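Tertiary structure, described
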Amino acid sequence: MSVALGAPSGSMDIAFATPEMEKEENKDKKQEEADEEVEKGSETNGDADEKLSRKYSCTSVGSTDINDDDGGDDDDDDEKRAVQLGPQVPLKEQLEMDKDDESLRRWKEQLLGSVDLNDVGENPDPQVNILNLTILTPGRPDLVLPIPFIPDAKGYAFALKEGSRYHLKFSFIVSNNIVSGLRYTNTVWKTGVRVENTKVMLGTFSPQKEPYTYELEEETTPSGIFARGSYSARTKFLDDDGKVYLDMSYYFEIRKDWPTTS
């Protein structure tokens, strides 16, 4: 009794595989595998394309190129991104509008302090007048610089000694209305390369006759032969609405020693 290989017991109408059939079957399997590889590659490329697209869309909004020597103008970008909150309302009118909101009225009264509403006038636009910049250095007299700066014979607004500790103090007056989100920005270049980009939020200030003063944190001037020389700078004061109250460009110098006083 002979048994046919490959034919399970109890099976009906099973045909035996010939060499030609095996070749055709192998050919179909290879084609299916090739089709699967193509499909997988398409899916992989699709994911890669999607990731690449997301990467570009992410970096193209609000990014800064760190290899850009001049750094562009971040302050101008801040002005463009400023949220427009609608037209300003005179201070007297604001208080009248908020008289029924107890918490808001108390907050504004606390912010205003001892402001005489008879002195604020009807102008709805806040005004900030930057009076002067003072450079404070340990062991040296304070250097008070009226704004705008008056350059010396070499064109420098001031000179600092290398490796010296100092900090800046600004004096300013706010009038007409509350200024919201007043901030200070300062960008410094040396030989066309940006070496500093400072942004400091000063806060919200109510109008008053007496000037405000604001002192920045202590810093140290760079030192060494490559640190000495001429620097250019641009200082700005602006608020949350992007309104600019001071935009001033000037030159200063870092020297080996302090300049002699006359």
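Residues numbered from 1 in each chain as written. Predicted model: local features only at pLDDT ≥ 70, side-chain atom pairs only at ≥ 80, totals over all residues. Heavy atoms only, no water.

Per an unreviewed UniProt entry, the protein chain goes by the name Rho GDP-dissociation inhibitor 1-like and belongs to Phoenix dactylifera. Listed under Sequence similarities (unreviewed entry) in UniProt, the entry text for the protein chain is "Belongs to the Rho GDI family." (UniProt positions renumbered as here; feature names shortened; annotations may be inferred.)

So, about the packing of aromatic side chains. Tallied over the entire structure, the rule returns 11 aromatic pairs. Judged by centre distance (5.6 Å) and plane angle (25 degrees), the ring pair of Phe 172 and Tyr 212 falls under stacked. Residue Phe 172 is located in strand S4 (residues 165–175), and its partner Tyr 212 is located in strand S7 (residues 212–215); the two are separated by 40 residues in the primary sequence. The class of Phe 172 is buried, set by a relative accessible area of 0%. Centre to centre, the rings of Phe 205 and Tyr 212 are 4.9 Å apart; their planes meet at 65 degrees, and the pair counts as edge-to-face. The rings of Phe 149, Phe 158, Tyr 231, Tyr 250 and Phe 252 are connected pair by pair, giving a single aromatic cluster. Seen from the ring of Tyr 231, Lys 190 lies directly overhead, with NZ or CZ sitting 4.8 Å from the centre. (Phe/Tyr/Trp six-rings, centres within 6.5 Å; stacked < 30°, edge-to-face > 60°. Helix = DSSP H or I, 4+ residues; strand = E, 2+ residues; numbered from the N terminus. Buried < 20%, exposed > 50% of the residue type's maximum accessible area, 1.4 Å probe, protein only. Lys NZ or Arg CZ within 6 Å of the ring centre and 35° of its normal.)

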